[in-house]
Amino acid sequence: MSIRLLNLRVLSSLFVFVKRSINVQTNFDLGKQMKLFNDKKQFNKTIELFDKQMKSNTKTFSSLIITQVLKACAHLEDIQRGKTIHQLISSRIKDDSYISASLIHLYMQCSDITNAELLFDKTTKKTLSIYGAMMKGYIKNNQANKAIDIFDEIKNPDEVILILLFNACSQLKTAEALNLIKNVFQQMPKFFYSNQRLLTTLFDAFIKCGDYSNARILFSKIPKSVESYGNLMNGSNRENNPSQTLELFNQMKSDHIKANTIIYLCVIKALSQTGDYSLSQSIIEQIPHHFLVNNQLQNALIDMWGKVGYVDKAKEIFQIIPKPDYIGYTAMINCYGLNGQGNQAIELYRKIPKKFIDEVTHVCVLNACSHSGLVDEARTIFLNTETKTNKIYTAMIDCLSRASFFEEAQKLINEFEHEHSPIIPIYMSLLSGARNEKNSHLSQQVFDRMKILFPEVGKSYPSASVLLANVYAISGDMEKASNIQNQVSKSQVKKEIGLSWTVVNGQYFKFRAHDKSHPRSKEIYALVDQISKRLIEHGHQHDSAWITRPLDEDETVISVLCGHSENLAIAWNLLENSNPSRIQITKNLRVCGNCHQATKLIAALYQCEIIVRDAHRTHHFYKNGQCSCNDYF
């Protein structure tokens with residue numbers, strides 16, 4: 001071979017090498033520029049740049065270029081262009097997992113789940129990025145269960161996959177999802193704990209699935225933000241743990257994180273749960289004025305002051321709202337109803353623009369009528385209601401039953417069941433009304449009817465059995481009352497325990513019925529005994545009819561009734577402040593007849609207004625020994 005021919009071959013090889021190097025460099029620069037546009041969310045520019053280079057052979061385009069243009073198409077939801085690119089590069093998909101993942105993401109982003117699934121199923125070598133694209137796509141398209149199915153196929157998930165799994169569980173919010181979160185969390189490699197994004201997503205998943213205990217444990221390990229505080233505060237409110245919400249609010253201020261509307265809504269919700277005026281007032285004063293003119297906060301404040309028992313405060317806020325919405329109107333009507341001001345509730349109801357009246361408005365005004373004994377007014381409202389829902393029927397039947405119009409209530413039940421299936425709340429209203437009238441015959445009839453209509457009522461609704469036992473006890477038939485109570489005990493269904501909350505000297509306290517967990521429990525019970533003796537001296541007779549179970553050997557009628565949670569809360573208030581002007585208590589159950597009579601006398605003897613919000617309404621016990629409900633409860 002001549003030297004000249006050899007030189008020509010060397011030059012030819014060198015030319016090919018240089019050409020390829022230039023092409024690689026051009027590809028790199030193009031991909032880099034496209035990524036820069038995408039990072040700046042200038043997706044149209046990415047596509048324009050790609051289109052200019054389309055005349056070149058797309059086979060020479062780097063993986064970076066293809067993935068960047070597909071990313072731009074996904075963000076713009078330009079599925080047609082994406083499909084065109086898919087056809088151009090179809091021969092490369094098999095060997096390039098990044099391109100496959102980008103195509104799956106494109107189809108999922110454009111809600112073309114079928115093509116995404118076809119591509120996924122054809123892919124023989126599935127990488128974590130491909131699995132991740134499918135999971136993310138299913139979550140985006142509200143198919144979280146399918147995302148979990150994909151997760152089950154993965155042998156060694158990385159941190160990104162776990163983030164996607166927790167997002168899927170957050171979307172489902174089921175007990176099964178929570179169990180999966182816990183199992184994965186327990187098996188998670190320790191070095192994953194340094195991934196703050198992973199922990200934050202896990203925290204959010206626990207919150208969404210209702211596991212606030214684990215969320216609180218994680219809270220100390222994640223970056224603090226107004227969102228994480230808001231999520232945990234909202235969770236505490238759902239658990240009916242307002243003291244935790246208020247502690248978080250104070251902690252947030254210590255962390256120098258500024259509150260937003262959501263935080264203040266959580267705080268107001270917590271205050272409405274505590275039901276204490278002084279605490280509510282002191283915290284509301286900390287909210288900047290520009291938040292207080294926010295319509296959402298104003299509506300929440302109306303609801304809060306109503307539940308705290310200060311109607312005038314709620315009314316002040318309502319009156320400064322230029323154009324109340326339906327939430328504001330409904331909150332104010334409910335406020336009147338809770339506090340026994342039925343006439344004011346009806347008056348406001350008649351002023352509401354028709355477009356704002358819905359099921360909730362009707363139920364609130366009918367409940368207001370029910371608690372104030374305004375039966376005629378309730379009848380008129382009910383008759384004029386065009387669409388009568390289950391809840392509206394229930395509210396009207398409750399109103400009639402509370403006023404002892406049992407025949408009319410039964411006719412209404414028959415009317416309802418002519419077109420609807422029977423529902424338990426309607427019969428519970430009728431049974432409660434019969435209990436108030438001490439009508440054991442009607443109570444037994446209603447209960448027997450409930451057992452036929454709802455076979456599981458004895459197991460699922462122990463309150464129905466308790467009401468029946470209560471009416472027998474009131475009528476003097478303790479044997480039947482005891483038998484029913486024994487049946488409830490044998491069913492192993494837990495009866496809801498009476499709880500009362502109170503705020504004393506700015507501190508939140510919770511008492512259970514017959515609670516002895518308080519460090520000063522002996523002093524509390526000594527004062528309870530002292531109060532009981534004073535009541536008896538002034539003519540009070542403890543009513544054994546409100547005891548629906550056999551007494552234990554170490555119990556008496558007085559010890560059982562005086563051990564109710566509200567009595568312990570009242571005693572604690574009086575122990576800490578010998579001459580309080582006001583005591584406020586929130587209960588989870590309806591106040592019993594004995595405690596109602598006793599509290600009226602306590603308010604008179606100690607010259608202290610006592611406000612008790614129970615499961616149905618707010619009782620204002622005045623210093624003259626009267627209650628705002630006029631014994632109609």
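Criteria and thresholds
- Residues numbered from 1 in each chain as written.
- Predicted model: local features only at pLDDT ≥ 70, side-chain atom pairs only at ≥ 80, totals over all residues.
- Heavy atoms only, no water.
- Helix = DSSP H or I, 4+ residues; strand = E, 2+ residues; numbered from the N terminus.
- Rg over C-alpha atoms; globule rule 2.2 N^0.38 Å.
- Buried < 20%, exposed > 50% of the residue type's maximum accessible area, 1.4 Å probe, protein only.
- Areas by Shrake-Rupley, 256 points an atom, 1.4 Å probe, with all protein chains shown as cover.
- Lys, Arg positive; Asp, Glu negative; His and termini not counted.
- Charge placed at Lys NZ, Arg CZ, Asp CG, Glu CD.
- Disulfide = S-S within 2.5 Å.
- Phe/Tyr/Trp six-rings, centres within 6.5 Å; stacked < 30°, edge-to-face > 60°.
- Lys NZ or Arg CZ within 6 Å of the ring centre and 35° of its normal.
- 1 Å grid on protein atoms, 1.4 Å probe; cavity = no way out; pocket = protein on both sides within 12 Å on 5 of 7 lines; lining within 4 Å.
- Points joined across faces, edges and corners; volume = space filled by probe spheres on them.
- Nonpolar A, V, L, I, M, F, W, Y, C, P; charged D, E, K, R; others polar.
- Patch = residues over 30% accessible without salt bridge, like charges linked within 9 Å, V, L, I, M, F, W, Y side chains within 5 Å.
- Salt bridge = Lys/Arg side-chain N within 4 Å of Asp/Glu carboxyl O.
- Polar contact = N/O pair within 3.5 Å; in protein donor to acceptor, adjacent residues only side chain to side chain.
- Contact = heavy atoms within 4.5 Å.
- Pairing = 2+ DSSP bridges.
- Axes fitted to C-alpha atoms, helices over the stretch in contact; angles between N-to-C directions.
- Domains from an automatic or database assignment.
- Expected span 1.5 Å × (residues − 1).
- Parallel < 35°, antiparallel > 145°, perpendicular 65-115°, else oblique.

*Asks:* Break down the overall build of the protein for me, citing the residues and quoting the values.
*Replies:* Within the protein, the regular secondary structure consists of 34 helices and five strands. In terms of overall size, the protein is more extended than a compact globule, its C-alpha atoms giving a radius of gyration of 34 Å where 633 residues would be expected to give roughly 26 Å. Projecting the C-alpha coordinates of the protein onto the three principal axes gives extents of approximately 130 × 55 × 55 Å. Per-residue burial for the protein yields a buried fraction of 50% across its 633 residues. Split by element, the accessible area of the protein, about 32100 Å² in all, is 51% carbon and sulfur. Positive and negative side-chain charges in the protein, numbering 73 and 61 respectively, have mean positions lying 10 Å apart.

*Asks:* Please provide a residue-by-residue account of the state of the cysteines, values included.
*Replies:* With the rule as written, the count across this model stands at zero disulfides. Cys627 provides the cysteine sulfur closest to Cys608, a residue in no disulfide bond, and the two sulfurs are 14 Å apart. For Cys608, a relative accessible area of 1% puts it in the buried group.

*Asks:* Report on the packing of aromatic side chains, specifying residues and quantitative values.
*Replies:* Aromatic rings in a pair are described by how distant their centres are and how their planes are angled relative to each other. Scanning the entire structure with this criterion turns up 17 aromatic pairs. With a centroid separation of 6.1 Å and 65° between ring planes, the pair formed by Phe249 and Tyr264 is classed as edge-to-face. With a gap of 15 residues between them, Phe249 in helix α14 (residues 242–254) and Tyr264 in helix α15 (residues 261–274) connect regions that are remote in the sequence. This pair shows no difference in class: Phe249 is buried, exactly as Tyr264 is. A cation over an aromatic ring shows up here: Lys224 above the ring of Phe219, its NZ or CZ 4.9 Å from the ring centre. A cation over an aromatic ring shows up here: Lys388 above the ring of Phe382, its NZ or CZ 5.1 Å from the ring centre.

*Asks:* Residue-level account of empty space enclosed by the protein, with values.
*Replies:* Inspection of the entire model under this criterion finds three cavities of 30 Å³ or more. By volume, the largest cavity amounts to about 90 Å³. Lining the largest cavity are Val528, Ile531, Ser532, Leu535, His542, Leu561, Cys562, Asn567, Asn594, Ala598 and Ile602. Looking at the lining of the largest cavity, the elements with two or more residues in it are α31 (521–537), α32 (557–562) and α34 (593–605). Per-element accounting of the lining of the largest cavity gives the leading share, four residues, to α31. Classifying every residue of the lining of the largest cavity gives seven nonpolar, four polar and no charged.

*Asks:* Which residues make up a positive patch on the surface, and what values go with them?
*Replies:* A grouping of Lys41, Lys71, Lys136 and Arg197 is seen on the molecular surface, where their side chains present a positively charged patch. The topology assignment puts Lys41 in the loop between α1 (3–39) and α2 (43–52).

*Asks:* Tell me what's going on with the side chain of Ser532, and back it up with residues and numbers.
*Replies:* Inspection of the secondary structure puts Ser532 in helix α31. Only 3.0 Å separates the side chain of Ser532 from the side chain of His542, close enough to count as a polar contact. Setting aside residues up to four positions removed in sequence, Ser532 forms contacts with His542, Ile558 and Cys562.

*Asks:* Describe the sheet that holds strand β3 (residues 582–587), with residues and values.
*Replies:* The five strands lie next to each other as β2-β1-β3-β4-β5, forming an open sheet whose pairing is mixed. Each of the sheet's edge strands pairs with one partner strand only, and the pair in question is β2 (507–512) and β5 (618–621). Put simply, the sheet's adjacent strands are angled 20° from each other on average, direction ignored. Note: strand β1 (residues 499–504) against β3, three bridges, orientation antiparallel. Bridge pairing in β3 places Trp501 opposite Thr586. Against the sheet, α34 touches β4 (609–613) and β5, its axis set at about 40° to β5.

*Asks:* Account for the layout of surface pockets, naming residues and giving values.
*Replies:* Space inside the second largest pocket adds up to approximately 640 Å³. His105, Ser129, Gly132, Ala133 and Lys136 are, among the 23 residues lining the second largest pocket, the residues nearest its centre. Contributing elements (two or more residues each) for the lining of the second largest pocket: α3 (63–76), α5 (97–109), α7 (128–140) and α9 (159–172). Residue composition of the lining of the second largest pocket, by class: 11 nonpolar, eight polar and four charged.

*Asks:* Tell me what's going on with the pairing of β5, and back it up with residues and numbers.
*Replies:* Burial of the side chains of β5 extends over both faces: Thr618 and His620 are buried on one face and His619 and Phe621 on the other. Pairing analysis gives four bridges linking β4 to β5, with the strands arranged antiparallel. Within β5, the position partnered with Ile611 by the bridge is His620. The hairpin formed by β4 and β5 contains four residues between the paired strands.

*Asks:* An account of unusual backbone geometry is requested, with residue identities and associated values reported.
*Replies:* Backbone geometry places Lys41, a non-glycine residue, at a positive phi of 60°. Given a relative accessible area of 62%, Lys41 falls into the exposed group.

*Asks:* An account of the domain arrangement of the protein is requested, with residue identities and associated values reported.
*Replies:* You can read the domains of the protein as domain 1 (30–125) and domain 2 (500–621). For domain 1 and domain 2, the distance between their C-alpha centroids amounts to 71 Å.

*Asks:* Explain helix α11 (residues 196–208) to me, and be specific about the residues and the numbers.
*Replies:* Over its 13 residues, α11 runs 18 Å from end to end, which matches the ideal 18 Å to within 8%, given 1.5 Å per residue. Among all positions in α11, only Leu198, Leu199, Thr201, Leu202, Phe203, Asp204, Ala205, Phe206 and Ile207 are buried. Buried residues along α11 sit in contact with α9, α10 (175–187), α12 (212–219) and α13 (226–238). For α11, the N-terminal cap is Asn195; the gap from its side-chain oxygen to the backbone nitrogen of Arg197 is 3.0 Å. Gly210 sits one or two positions beyond α11 and adopts a positive phi of about 85°.

*Asks:* Describe the packing of α31 against α34, and please don't skip the residues or the numbers.
*Replies:* Remark: α31 packs on α34, axes separated minimally by 10 Å, with the N-to-C direction vectors making an angle of 90°. Here α31 lies roughly perpendicular to α34, going by the angle between them. Facing Ile531, Arg534 and Leu535 of α31, the residues of α34 in contact are Ala598, Leu601, Ile602 and Leu605.

*Asks:* Could you give an account of the pairing of β2, naming the residues involved and the relevant values?
*Replies:* Across six bridges, the pairing between β1 and β2 is antiparallel. Looking across to β2, one finds that Trp501 is bridged to Lys510. Here β1 folds back onto β2 in antiparallel fashion, the turn holding two residues, of which Asn505 has a positive phi close to 55°.

*Asks:* Hey, could you go over α9 for me, with residue numbers and the actual values?
*Replies:* In this model α9 runs 20 Å from its N-terminal to its C-terminal C-alpha over 14 residues, within 8% of the 20 Å that 1.5 Å per residue would give. Close packing links the buried residues of α9 with α7, α8 (144–153), α10 and α11. The N-cap of α9, judged by a side-chain oxygen 3.2 Å from the amide nitrogen of Val160 a few residues on, is Asp158. Of the residues one or two after α9, Lys173 is the one with positive phi, at around 55°.

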